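Single-letter residue listing:
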Amino acid sequence: MSAYSKETIRELVDGTLPWPQTRRIMSAYKDDDRFAKYISVLQDRVAWEDPILLPVGDRLFICDSAEGRVTRCECGHSFGDYRKNWKLNAVISVRNTQESLREIYPNSDLPDPEWMEIREFFCPQCAHLHEVEAAAPGYPIVHDFQPDLEGFYRDWLGTPLKETA
Amino acid sequence: MLDRTANPLRERLLESERLMEETGCYDGITELTLRRQDPLKFETLHTKLRAYCVSAREMARRISASPGVREVGEMVVAIYTPEGDAIALSNGIMVHVHTMSRFIKWMIKNGYEENPCIRDGDIFANNDAFIGTVQVPDVMDVVPIFYEGTLVGWAGAVCHELEAGGITPGGDVCLAQERFTEGLFVCAEKVGENDEIRRDYVIRCERNLRMPIYWVLDEKAKVAACIDMRESVKQLISEVGLEYWQRLAKEFIEEGRRAQLARTRQLTVPGIYRGHTFYGHVTEGKPGFQPLGPPNWLYNIPIEMEIKSDGKIRMDFDGTQPWGYHSMNCTPAGMDGGMFVTLTQHMNFEGLVNDGAWMATEINIPHGTWTNPDNEMAATATSWALLLPAYGVFQRLLSRGFIARGFVEEAFVGQVNSPMIEMGGTSQYGTQFGMAHFECAAAGSGALAIKDGLDTAYVGWNPESDMGNIEIWEQNMPMVYIGRSIVPNSGGAGKYRGGCAFASTWLINKTEHLRLVTSEHSSRVFDNGGLCGGYPAPTCEKHHAVRGSDIFEKAAKGEALAHTPGTDPLVSDFERRYKGEQVFEEGPYITKPHKSGDIFSHAYNGGGGFGDVLERDPVKTAWDVENGFLTREAAEQVFGIILKDDAEGYPLADIDATVARRAEMRKARLARAIPVSEWIAREATRVKKQDFALEVTRMYRSAMQLSPRFTREFKDFWGLDADYAFAGEK
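This is a predicted model, so every value here is computed, not measured. (Residues numbered from 1 in each chain as written. Chains lettered and ligands numbered in written order. Predicted model: local features only at pLDDT ≥ 70, side-chain atom pairs only at ≥ 80, totals over all residues. Heavy atoms only, no water.)

Asks: Even after reading the chapter, I still don't get the interface of chain B and chain A, so can you show me in this structure?
Replies: Interface size is often expressed as the accessible area that is lost when the parts come together. Between chain B and chain A, the contact holds 93 residues from the first and 79 residues from the second. At the boundary of chain B with chain A, the tally comes to nine salt bridges. Across the salt bridge formed by B:Glu409 and A:Lys30, the nearest N and O atoms sit 2.8 Å from each other. Inspection of the region where chain B meets chain A yields 39 residue pairs in polar contact (both at pLDDT 80 or more). Here the side of chain B that touches chain A gets 10 residues from one element, more than from any other, and that element is strand β8 (residues 271-282) of chain B. Here strand β8 (residues 145-147) of chain A runs beside β8(B); their pairing, made up of three bridges, is antiparallel. Each bridged residue has a counterpart across the sheet, and for A:Pro147 the counterpart in β8(B) is B:Gly271. (Contact = heavy atoms within 4.5 Å. Salt bridge = Lys/Arg side-chain N within 4 Å of Asp/Glu carboxyl O. Polar contact = N/O pair within 3.5 Å; in protein donor to acceptor, adjacent residues only side chain to side chain. Helix = DSSP H or I, 4+ residues; strand = E, 2+ residues; numbered from the N terminus. Pairing = 2+ DSSP bridges.)

See the structure below:
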């Protein structure tokens, strides 16, 4: 079975691992200890101490904190209870005019703003763009991911989470 | 266990399904006995079967006359159990491994053993999607494998035909609004006996197709592949024994099922994943479209995926749109196939894949929707138009799981539509012709979570993507290339950008009658998406033609020509450079024939982006600008990357200026954005007033008519009264 150093996983996650090495990792059998090393790499990256339980985006994590299990931006901003849609506590900017769409699509044909808009969900603290939805006007905001966190740790990792308050 | 030699096939099939139901294991195989007894022999035999398939496909490609099969590999072959479950398969258009399985099962369930009988040397063909394929040009041939008088399996092959004899030339017949205009149907027919294709079948093909040489020679190629696989399997059985083979084939599939479950548990996280995409299509005012339904459509494609504790993946299309009088409907076979081809390339990339992987999944395709029409007269000629966006969502949902689990190298923003151009009329040789141009099999891919997407090198339906050689295409059509180039900024923006698309520009040459038709255009809305902050790639581009251009005069004078439409969204290089009638066309290109001297341009699609644009590497961006993948304007405006020129005039990232520009852009983001709660309160007023375009209103009304869940979730989200409903059309 494959195994890689934490440094290799760090470079892989950062997108800085040279391509030939990345290609070999893609072609090889997967490494069983990946999740533990991955979490460790991500924990080193954030400035806060609360343990990361599960990444749910590029810079978005479920972590254990004094306020319970929350979805948190890498900058430390909390989006609240991880079971609720974090997007509802974000700030949003909507592109629903030709002018605002043209800012992202300078050369191409544009969608019809009467049929479709782009919704940008930002962290209100660091302005990181966490997610983009392309949706018809009036379409409900999507709750992208509701992990079975307890089941994952208990049944798949074999290390049940501690009870929360 | 059932006697596998004496009972009719139909009983065997039903027994196999009952055993799966009872034990949860394929055909009641609860123990992989042969694998345990001799794992090396077991793996060796599986590899041998795969080698038979790959070798047969490569041999057949050299028999085919079609550039679709020869150049871009639009073919797949597989070996099946007697009940029609795939044991081993080749590379290629793997979507059809499972659709062929449905075809074989359909014949068994419909009493083909009694009439027309299943005998050694028989050849059966099908291209009816309600029996088992995706669309009419996907013609499949299967032959039974008999060993000493016992049916021991099937060998099957599919080619995508470049011409299907529909109302418009080609195979993706976008003008078809019902089954009756899609082209030549072969509905699970016995088309050959004693290893020979029947002459009357060939005559039918010759008299009903614009370019029968492609179809007929592909038939021969497929039959050759099937016979090759059949003889190899018989040789194998003579070495291992019949009983061993019968158990082995079943164990391979059960092993595939278990491997899929294990892989899901290894790579993902259990839970509920959601996503959606849309498709917007415009045919209003186009010649030939009958007024059978609305001329313009907006389709929503919401998908909920559940990964269960045992590793089973369940996909649910509840909430999507009804089937319609257009060519983009899909059958259950096509939906199965789309899921199969996505799984094989996105999760089961080790090669040991078969129908077992499919058995580790579930799919809910609501009756009456485009995913499962309740009318078998519905047309499916361009079902990829909706399939590809749908399974692009599936790839993004799986990728969210890979990212959560740490396998970031497998996360992939996914597949996109790649509009097809087809043609017919009088060839450059003065003969009748018809052809689908398959360079569309090389779109831009979505980005990965660790790098940019593939430029001009990926489509979802065939992971072995290839655009083919210009010279080969030029041999087969009365057009010559005057340009084939990367479309700058055609990948979705992000920390990692989507792969870029390309555009081709042709000069119509040596013909006075060339019909050009295109399909799979979502011009009004994005039919792809980004992930984790990445933007979707641009919508499908409009067509641009110049009728009666002065290109020959310009060439005679040695003047510079325009080889692409250029990057100015307001005035194209064609308008600047060529005289003649400038034509712009949105959506499918249905128009009067072209003739020598006309110019036509067709663009393919790029993939969605990954991550926040303001994290994109400035140095890599300078390289992108230098090589034509991004424009300098986009680098600064979209990515916040300031470029300067080096001593030789090449773009060079100005890191300090970029840092300052990005700080400004972050401030601007927060200045412009509002709390989501505030936005919801404002939008709820609009929803209550139903202040939407006609097509948007129609989409919501249709979704609510078909789906109580969509209705409930829509009302809950916007805080609407229980009796809220979208008004009917006047």
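That covers the picture; the talk isn't over yet.
Asks: For this particular structure, what's the right way to read the packing of aromatic side chains?
Replies: All names here are of chain B. Applying the stated criterion to the full structure yields 41 aromatic pairs over all chains. When the ring of Phe502 is compared with that of Tyr604, the centres are 4.7 Å apart and the planes differ by 35°; the resulting orientation is tilted. Of the two residues, Phe502 sits in strand β15 (residues 502-508) while Tyr604 sits in the loop between β19 (599-603) and α16 (618-626), which places them 102 residues apart along the sequence. Relative accessible area serves as the criterion here: at 2%, Phe502 is assigned to the buried category. You can call Tyr604 buried: its relative accessible area is 3%. Considering the side-chain rings of Tyr589 and Phe600, the 4.6 Å spacing of their centres and the 55° angle between planes classify their relative orientation as tilted. (Phe/Tyr/Trp six-rings, centres within 6.5 Å; stacked < 30°, edge-to-face > 60°. Buried < 20%, exposed > 50% of the residue type's maximum accessible area, 1.4 Å probe, protein only.)

Asks: What should I look at first to understand the pattern of salt bridges in this one?
Replies: Close approach of charged atoms lets side chains of opposite charge pair. Per the stated rule, a full pass over the model turns up 84 salt bridges over all chains. Across the pair A:Glu133 and A:Lys87 runs a salt bridge whose closest N-O atoms are separated by 2.7 Å. One end of the pair, A:Glu133, is in strand β7 (residues 129-135); the other, A:Lys87, is in the loop between β4 (78-81) and β5 (91-95), and 46 residues separate them in sequence. The same class applies to A:Glu133 and to A:Lys87, which are both buried. B:Glu304 is the partner of B:Arg274 in a salt bridge, and the nearest nitrogen-oxygen pair spans 3.2 Å. Here B:Arg274, found in strand β8, pairs with B:Glu304, found in strand β9 (residues 296-307); they are 30 residues apart in sequence, far enough to count as distant. Residue B:Arg274 is classed as partly exposed on the basis of its relative accessible area, which comes to 22%.

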